[in-house]
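Each chain is listed here by its residues.
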Amino acid sequence: QARSPLEQPLIKPGLAFQLPDGVNISKEARSAISRAASVFVLYATSCANNFAMKGKRKTLNAGDVLSAMEEMEFQRFVAPLKESLEVYRREQKGKKEARKDKDKKADSEEQDKSREEENDDDDERMEEEEQNEEEEVDN
């Protein structure tokens, strides 16, 4: 089963494809690939920026990047990128909900603690009042 280049494991930093067994990459080739990747990222960013400017925005978004990929004739990457983006968004939503749940739990525990302290204060006041009443009765 063939995997898309985005799903294949990283062998060396910056390489997003899997090499056949027995193939090695020289330091010079790794350097060339790294430079090419940098140029590609800058070009893709520039293209995406054009879409943002057309939309009268200063901030690039995922849609701009996907449009840039199509404009640069990398349509075959658009579907895997959309899938990766959806996975990322679901993960972020899950993390956000987990933080909310954690915050709610912490707030609830804090409220419980406050109630306990209030109850303890009430108990102490009642004991003091009872002692005062007993002292008044004794006098």
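Structure's up top.
Owing to the predicted nature of the structure, the values given are computational and were not obtained by experimental measurement. (Residues numbered from 1 in each chain as written. Predicted model: local features only at pLDDT ≥ 70, side-chain atom pairs only at ≥ 80, totals over all residues. Heavy atoms only, no water.)

J.: What's the story with the packing of helix H1 (residues 27–54) against helix H2 (residues 62–71) in this structure? I'm lost.
T.: Think of two packed helices as two axes; the pair is described by the angle between the axes and how far apart they sit. It is at 8 Å that the axes of H1 and H2 come closest, and there the two elements cross at 115 degrees. By the angle between their axes, H1 is roughly perpendicular relative to H2. Where H1 crosses over H2, the handedness of that crossing is right-handed. On H2, the residues that touch Phe-40, Ala-44, Cys-47, Ala-48, Phe-51 and Ala-52 of H1 are Asp-64, Val-65, Ser-67, Ala-68, Met-69 and Glu-71. (Axes fitted to C-alpha atoms, helices over the stretch in contact; angles between N-to-C directions. Helix = DSSP H or I, 4+ residues; strand = E, 2+ residues; numbered from the N terminus. Parallel < 35°, antiparallel > 145°, perpendicular 65-115°, else oblique. Left-handed = near helix turned anticlockwise from the far one by under 90°. Contact = heavy atoms within 4.5 Å.)

J.: Help me understand the nonpolar core, please; the structure alone is not making it clear to me.
T.: The nonpolar side chains of soluble globular proteins are, as a tendency, buried together. The biggest cluster of nonpolar side chains holds 9 residues, and these are Ala-44, Cys-47, Ala-48, Leu-66, Ala-68, Met-69, Met-72, Phe-77 and Val-78. Within the residue set of this core, elements represented by two or more residues are H1, H2 and helix H3 (75–138). Met-72 has contacts with Phe-40, Tyr-43, Ala-44 and Cys-47, leaving out every residue within four places of it along the chain. (Core = buried A, V, L, I, M, F, W, Y, C linked by side-chain atoms within 4.5 Å. Buried < 20%, exposed > 50% of the residue type's maximum accessible area, 1.4 Å probe, protein only.)

J.: I'm lost on H2 in this one. Help?
T.: An α-helical turn contains 3.6 residues, so a residue and the one three or four places further along point in the same direction. For H2, the complete set of buried residues consists of Asp-64, Leu-66, Ala-68 and Met-69. Put simply, Asn-61 is the residue that caps the front of H2, since its side-chain oxygen is 3.0 Å from the backbone nitrogen of Gly-63. Trailing H2 by a residue or two, Glu-73 shows a phi angle of about 65 degrees, which is positive. (Polar contact = N/O pair within 3.5 Å; in protein donor to acceptor, adjacent residues only side chain to side chain.)

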